[in-house]
Amino acid sequence: MMWRNSQSLWRSFSSKSVHRSPSSHYYYIVSNYSTTNAIPPLSSSSLSSPPPPSAVRLPSILASAVHYGRCYWELSKARLSMLVVATSGTGFVIGSGNGVVDIAGLCYTCAGTMLVAASANSFNQVFEIKNDAKMKRTRNRPLPSGRLTVPHAVYWASFAGLTGTTILASKANMLAAGLAASNLILYAFVYTPLKQIHPVNTWVGAVVGAVPPLLGWAAASGQVSLNAMLLPAALYFWQIPHFMALAYICRNDYAAGGFKMFSLADASGQRTAAVALRNCLYLVPLGFLAYDWGVASGWFCFESSLLTLAISASAFSFYRERTMRRAKRMFYASLLYLPVFMSGLLLHRKLDGEQLPAEEQLKKEASSSWEESKIQDSRSDNQMSKKGSCTSVKQARPRPPVAYASVAPFPFLPAPSYGGH
């Protein structure tokens, strides 16, 4: 009986008066006094001080930076924009002409081109947000998925476009800045809405893709010559088989998105394959023109011909058998063609002392033929002067200039005679 009473007394005492702190090995007996006299129990929160506000804000700032950086990367189509920068940089190096390339100018041109391309791609996604939401390939982009708001995307696109154009205008020249701004408008406000209207959008997009190497050439040389059209021509003709293959592979996705692609009106795919093959053949003479115009050496002519025959073979294979496997083969061949072509052009380019612009070459040929004709005319004049030495001075007197002026506008009228003078 006494043991039971003592046990119940101990239980009630321990349940009301004894607490063990998790951070200490001591026991504190808490009486039933008021809270002002009570001894507070020790805890981990009382031993550690609260973190500073900067430590709390730092993870959230880093998370926001990572989030928006990823959204801007996807919104700008960064990999496609870097391909545009590569073509612009190649145009800059070839347009430099001499062996020394202005590295600072090249960097500024690439930075400006990158920002303008990012702006154009961002505007493209702003205008196609409803279409992208219907396609499997694009429904997870920042705007259709709701990771970024439309006003935010518009602000980013405007900032990138204005900054890139300003860099090109201030660090390169106004011609390069004008080409960049015009291409941005053509891509965002002409090509993008045209994708939902007519299949001719593919050819308009090819023009957009051909401008960046011309931009790079203009940034380096400050002018646009006939030689500058070689790389843009390659870009233009290359894009047709590239996008024809892509449009054939993703034809169901494009149809779901509401885009008017050329392959959607071609159920058999024969016209699509024919267009791709024809434009591949248009690439064949570019290597010879680069050699003939003095832009690259004969090795580039040989290598370019082999490369063009390879992509033409893949297009011909797709033309003979229009399957998804052949379309993908042509698509991968087009992906290989462009970097190899640009690398060969850079490797075998001729310097200023070796190359002669096409216009100057034509002028040189014309001047040489003119000099030959002049020499022949002088010889004939000498012969005529020898024959006319026995004639009178009156007959040898040349006609006044008015005779030539009167004959020139009306070659069918006889020259006036001055026999009375």
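Residues numbered from 1 in each chain as written. Predicted model: local features only at pLDDT ≥ 70, side-chain atom pairs only at ≥ 80, totals over all residues. Heavy atoms only, no water.

> What is the right way to look at the layout of surface pockets in this model?
Its boundaries defined by the atoms lining it, the largest pocket holds a volume of some 1,400 Å³. Taken together, 49 residues make up the lining of the largest pocket; nearest its centre are K77, L80, N121, Y187 and F243. Listing elements by their share of the lining of the largest pocket, those giving two or more residues are α3 (53-75), α4 (78-96), α5 (103-127), α8 (174-194), α9 (201-221), α10 (230-249) and α15 (324-347). Considering only residue class, the lining of the largest pocket consists of 28 nonpolar, 13 polar and 8 charged. (1 Å grid on protein atoms, 1.4 Å probe; cavity = no way out; pocket = protein on both sides within 12 Å on 5 of 7 lines; lining within 4 Å. Points joined across faces, edges and corners; volume = space filled by probe spheres on them. Helix = DSSP H or I, 4+ residues; strand = E, 2+ residues; numbered from the N terminus. Nonpolar A, V, L, I, M, F, W, Y, C, P; charged D, E, K, R; others polar.)

> Please explain helix α14 (residues 298-320) as it appears in this structure.
In an α-helix, one turn spans 3.6 residues; hence positions three or four apart end up facing the same way. Here α14 spans 33 Å end to end across 23 residues, near enough to the 33 Å set by a 1.5 Å rise per residue. Buried within α14 we find F300, C301, S304, L307, T308, I311, S312, S314, A315, S317 and F318. Residues of α14 that are buried sit in contact with α10, α12 (270-281), α13 (286-292) and α15. (Expected span 1.5 Å × (residues − 1). Buried < 20%, exposed > 50% of the residue type's maximum accessible area, 1.4 Å probe, protein only. Contact = heavy atoms within 4.5 Å.)

> Explanation requested: α15 in the structure shown.
Between its first and last C-alpha atoms α15 spans 35 Å; for 24 residues at 1.5 Å apiece the expected length is 34 Å, and the two agree. Three or more residues of α15 are buried, namely R326, A327, M330, F331, S334, Y337, L338, F341, M342, G344 and L345. Buried residues belonging to α15 abut α4, α10, α12 and α14.

> Is there a simple way to explain empty space enclosed by the protein in this structure?
To find leftover empty space, a probe the size of one water molecule is rolled over the atoms. With the rule as written, the count across this model stands at 3 cavities of 30 Å³ or more. Of the volumes computed, that of the largest cavity is approximately 60 Å³. Every residue lining the largest cavity is listed: G91, I94, P213, W217, N227, A228, L230, L231, P232, V295 and L345. Looking at the lining of the largest cavity, the elements that each hand over two or more residues are α4, α9 and α10. Ranked by the residues each element gives to the lining of the largest cavity, the list is headed by α10, at 3 residues. Among the residues making up the lining of the largest cavity, the classes are represented as 9 nonpolar, 2 polar and no charged.

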